[in-house]
Amino acid sequence: MKNTIILKQFAILLFCFIYFANLSAQESEMRFKVHGKIIDARTKKGIKKIPIKVLPFNRVIETDNNGTFLFNMPKGNYSFVMDYYPFVKQEVKLSLQSDTTLVVEMQTIPGSIYLGEVEVIGSRPATESPASLEQIEGRQLKTLPALIGERDILKAFSLTAGVTSSTDGAADMQVRGGLHGQNLYLLDGVPLYSTEHFFGLISVYNPTIIKNAKLYKSDFPAEYGGKISSVINVQTEDADLKKFKGEAEISMLTSKLALNIPLVKDKLALSLAGRLSNYSIVDIISPLLPEQLGTRFGVHFGDINANLFWKLSDKDKLKLTFLSNTDGIDVKSTMDNTVNKVWMNNNQQNLGLNWYKTISDKVENHLLVYGDIYGYDFGNSSLELNTNLKQMMQMLTGINSAGLVDKFSYQLSDKLNLNAGITFKTFGFSPVQFNVNDSNLNNVKAKEQIRLNEGVVFAEGEYKLAKQQTFTAGLRASTIGNQDKMYTNLEPRIGYHSIFANDYSISASIDRMTQPIHRVANSGLGLPFEIFFPSGSTLLPEASWNFSLGAAKDLSLKNAKLSLKVDAWYKTMENMVEFQDGYDAFYTLTYATQSNLMSDTRKYLTQGNGKAYGIDFSAKYNTNGLKLTADYTLMKAVCQFDELNGGLPFAAPTDIRNSLSLTSEFKLSDSWSFSATWQFNSGKPITVPTYIFVNPTANYQPFQVHDYDGRDFQLVETERNNYRTKPFHRMDVSFNHNYKTRKKHLDASISLGIYNIYNQANPYIYYIDGVQNSDKSYTPVLKSMSLFTILPSFSWSVKF
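Note that this is a predicted model, so its numbers are computed, not measured.

Quick look at the overall build of the protein chain now. In terms of regular secondary structure, the protein chain is built from four helices and 47 strands. Taking all contacts inside the protein chain whose residues are at least 6 apart in sequence as the whole, residues at least 24 apart take part in 64%. Approximately 40,000 Å² of the protein chain is accessible, and the part contributed by carbon and sulfur atoms is 58%.

For the rest of this paragraph, the subject is the sheet that holds strand β5 (residues 76-82). The four strands lie next to each other as β3-β2-β5-β6, forming an open sheet whose pairing is antiparallel. Each having just a single partner strand, β3 (59-62) and β6 (90-96) make up the two edges of the open sheet. Across the sheet, the axes of successive neighbouring strands diverge by a mean angle of 25°, strand direction being ignored. Of the strand pairs in this sheet, β5 and β6 are connected by seven bridges, and their pairing is antiparallel.

Considering all chains together, one arrives at 17 aromatic pairs under this definition. A ring pair is formed by Y193 and F532, whose centres lie 5.7 Å apart and whose planes are at 75°; its orientation type is edge-to-face. Here F532 lies in strand β31 (residues 530-534) and Y193 lies in the loop between β12 (190-191) and β13 (196-197), a separation of 339 residues in the sequence. Put simply, the rings of W545, F547, Y570 and Y613 touch in pairs and so form one group of aromatic residues.

Moving on to a nonpolar patch on the surface. Taken together, the side chains of I304, L320, F322, L351, L353, V369, L404, I422, F424 and V457 define a hydrophobic patch exposed on the protein surface, amounting to about 790 Å² of accessible area. At the level of secondary structure, the elements contributing two or more residues to the nonpolar patch comprise β21 (316-335), β22 (338-358) and β25 (416-437).

Once that is clear, we can look at empty space enclosed by the protein. Overall, the coordinates contain 11 cavities of 30 Å³ or more when judged by the stated rule. What the largest cavity holds in volume is close to 360 Å³. Taken together, 33 residues form the lining of the largest cavity, with K155, S158, L159, Q679 and R730 sitting closest to its centre. Counting residues per element, the lining of the largest cavity draws most heavily on strand β38 (residues 672-681), which supplies four residues.

Turning to the pattern of salt bridges, a few remarks are in order. Scanning all chains against the criterion turns up 22 salt bridges. Between R730 and D732 there is a salt bridge; the shortest N-O distance is 3.0 Å. You'll find R730 and D732 in the same group, each marked buried. Residue D747 pairs with K740 through a salt bridge whose shortest N-O separation is 2.7 Å.

Turning next to the sheet that holds strand β4 (residues 68-74). Read from one edge of the open sheet, three strands run β4-β1-β7, paired in mixed fashion. The open sheet has two free edges, formed respectively by β4 and β7 (100-106), since each of these has just one partner strand. The sheet shows a mean angle of 25° between the axes of neighbouring strands, direction not considered. In this sheet, β4 lies alongside strand β1 (residues 31-40) in antiparallel orientation, the contact comprising seven bridges. Pairing of K37 across the sheet is with T68, part of β4.

A separate point is the environment of M335. Topologically, M335 is positioned in strand β21. Since its relative accessible area comes to 57%, M335 is described here as exposed. Taking the C-alpha atoms as reference points, M335 and E384, separated by 49 residues in sequence, lie 9.7 Å from one another.

Turning to its location among the elements, S675 is positioned in strand β38. For S675, a relative accessible area of 2% corresponds to the buried category. Within polar-contact distance, the side chain of S675 engages the side chain of S734 at 2.8 Å. The residues touching S675, leaving out its near neighbours within four places in the chain, are T143, L144, P145, S664, E665, D732, V733, S734 and N736.

The topology assignment puts G403 in strand β24 (residues 389-411). In this structure, the C-alpha to C-alpha distance between G403 and E454, residues 51 residues apart in sequence, is 9.2 Å. Excluding anything up to four places from it in sequence, G403 contacts L368, V369, Y370, F424 and K425.

Here we come to the pairing of strand β29 (residues 504-515). The sheet contact formed by strand β28 (residues 486-500) and β29 spans eight bridges and is antiparallel. Considered in β29, the bridge of G495 is made with S509. Linking two consecutive strands that pair antiparallel, namely β28 and β29, is a turn of three residues; a positive phi of about 65° is found at N502 within it. Bridge count between β29 and strand β32 (residues 542-557): 12 bridges; the pairing is antiparallel. Among the inter-strand pairings, T514 is bridged to a residue of β32, identified as A543.

In this section: the confidence of the model for the protein chain. On average, the protein chain scores 84 in pLDDT, and the residues at 70 or more come to 85%. The model gives residues 1-28 a pLDDT under 50, and that stretch makes one contact with residues more than four places away or in other chains. Contacts of residues 440-444 to residues separated by more than four positions or lying in other chains number seven contacts, the stretch itself having pLDDT below 50.

The next point concerns the pairing of β1. Burial of β1 is extensive: eight of the 10 residues sit out of reach of the surface. Sheet topology note: the β1/β7 ladder contains seven bridges and is parallel. Each residue of the ladder has a partner; that of V34, found in β7, is T100.

In this chain, L55 is followed by P56 through a cis amide linkage whose omega measures 15°. Note on placement: P56 falls in the loop between β2 (51-55) and β3. Even without glycine at this site, R176 takes up a positive phi of about 50°. On the secondary structure map, R176 appears in the loop between β10 (174-175) and β11 (183-187). Overall, R176 belongs to the buried group, its relative accessible area being 2%. Within the chain, N388 stands out as a residue other than glycine whose phi angle is a positive 60°. Within the element layout of this structure, N388 appears in the loop between β23 (363-384) and β24. N388 sits in the exposed class, given a relative accessible area of 60%.

Relative to the elements of secondary structure, S79 occurs in strand β5. C-alpha of S79 to C-alpha of S95: the two residues are 16 residues apart in sequence and 8.8 Å apart in space. At a separation of 3.4 Å, a polar atom in the side chain of S79 contacts the side chain of E91.

Procedures and definitions
Residues numbered from 1 in each chain as written. Predicted model: local features only at pLDDT ≥ 70, side-chain atom pairs only at ≥ 80, totals over all residues. Heavy atoms only, no water. Helix = DSSP H or I, 4+ residues; strand = E, 2+ residues; numbered from the N terminus. Contact = heavy atoms within 4.5 Å. Areas by Shrake-Rupley, 256 points an atom, 1.4 Å probe, with all protein chains shown as cover. Pairing = 2+ DSSP bridges. Axes fitted to C-alpha atoms, helices over the stretch in contact; angles between N-to-C directions. Phe/Tyr/Trp six-rings, centres within 6.5 Å; stacked < 30°, edge-to-face > 60°. Patch = residues over 30% accessible without salt bridge, like charges linked within 9 Å, V, L, I, M, F, W, Y side chains within 5 Å. Salt bridge = Lys/Arg side-chain N within 4 Å of Asp/Glu carboxyl O. 1 Å grid on protein atoms, 1.4 Å probe; cavity = no way out; pocket = protein on both sides within 12 Å on 5 of 7 lines; lining within 4 Å. Points joined across faces, edges and corners; volume = space filled by probe spheres on them. Buried < 20%, exposed > 50% of the residue type's maximum accessible area, 1.4 Å probe, protein only. Polar contact = N/O pair within 3.5 Å; in protein donor to acceptor, adjacent residues only side chain to side chain. pLDDT = per-residue confidence, 0-100.

Have a look at this one:
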């Protein structure tokens, strides 16, 4: 019994010893978070890339782009040393007993000249991000040659590997075998339905307010969806809370003005930017022209961007954005007591409210609420002055939507981050409406809209396998439809990116994307006519699988840096939408609306599958005063539709096998620079008649628009995309000069350039024409017409 008591006492003592020993060990191993931010004492803004040395470990890390840092350290005494020119060296001592937050203000060295914000434009290391991601800062646009002086973010992206435009001069994008309508275009998180100005010549993105832009060609974050080819996310500059400033610019095509107006210092500010075509002056002059001239012509386009930035606190910020863009053509002629009018109006407006909230050191929230509307109006009318009889033909179409997006970013640990959120959207589709009457336009009643609702849940985890090795896995689940038909889509996303020693990286991704909203339009330049159709009982959602495997290498040479990047990719596309044989985006849909066929899309649309695969190469060389870039893509794209081409595969319209872009920038002096770009695209597939039968009794006139019903000639097409156009190539150059104005010493710049400097006649359109024979008969031949010859380029801007 006594031995039993002693044994119990020994067991209790042993348990207490182990317990307190373990408790002591836990206390000695307890770790705490040190979350901080380094800011400029003058501007109160975070300072990026500031090195922080931690003593006694002698460990050094850098702040991120927002000036923040995070340590996970054992309990103890430490010193944080910040020694970075041109700031005064600082040392902060800390006795770490719990999770701690630090804010360090850096003072500039006495006697130094404060320059404010100076942005250094340089190339990012190729290894920094996945090979499929392209990033452009807004200020980089100023160094690129431009068409008629108008720089454009979409045209800048078309210089990168894997991206082409549909035709010469077009501000659209075909990414890795996809169509322009398969790209998701965002402006401050709000989707854009129409991205073209001035017949597709430039995009709606105003270059004066662009902060940065990202193009995802694959490796798509789970938060993005709704399109199957790519994502273009453009962010505008936040309004400056401290000072009034502005910028004015004039080019051969447009005039621009941007203003920044602080309303409440350090709290509330308004930013406004407007762009107007210089040709809009024709609208002002036309009413002043004498009536006997017979025809008055008006053309205009413009856009307005506004954002109201409100800093509620250090943890809460609101950004209200607004966009309105319009395009229009108006022609009025008087002949034989009849007034004829033709018009085309294309307009888009959106409003978005962004709320950025820092909930804690580990959790951030971004809430976006938006609404947008797009409309197209084309028509003509005639008024007989004697009888007052009016006849009118009009075509209307459009789409509107509203949405709520709520995203959370949560740091679960030093190695694991979680991004998740929900999205709700509602769409209204205005079907194509064709009106023919002899009454007033106000009597036309719009047709009832087709409604569609969408709900989305997404989540994505980012896990650090090692110091510079990241693995991401996510899932996007969406349900879209109405009372007639519902679709549920699951979109897995997997990505890997690793930076190894010797400055090289590997990236890989697998993504599923779906697209419930279909866009059909006339391609390239011309009247911007586009129609949006919802998925439903007759149209299935489009879908794609995207696979990519890339590598990058950064080399440090003597007084120079060289970056190399390669990315192999493969894409499958399902349920793509195309017109049936004999239909196109305008004239045949006019017939369809008149014949009441619009409700049954099977009469004029069909769906099929496709695939595209290729390899992208990029190289960047930077040395003192010289930057060189080369981008090349080798690819193939194929389509297969059961109801087209006899069910046999055919080359996709985006099947441009070889594309090459070369860009250069040479610094001539402190104020002068020279830049040049050269582009080459191999021929693209188009459909030409296999046989042409000419009516020998036709009154044939060259360049006349002929009937396709056999009265002039009959076209027989047996294959789709059976002919390749001539290869396209062009060189653009520009000289850029930065200087101070004489009177008020304002920053100004001027750019002088030449578009298509060696006057290459790149075909814009192909058509069938006739060559007269000796016996007065005609032989049909295929001809082409070029649109953009050699053109001067000019722009001048001043900041105040």
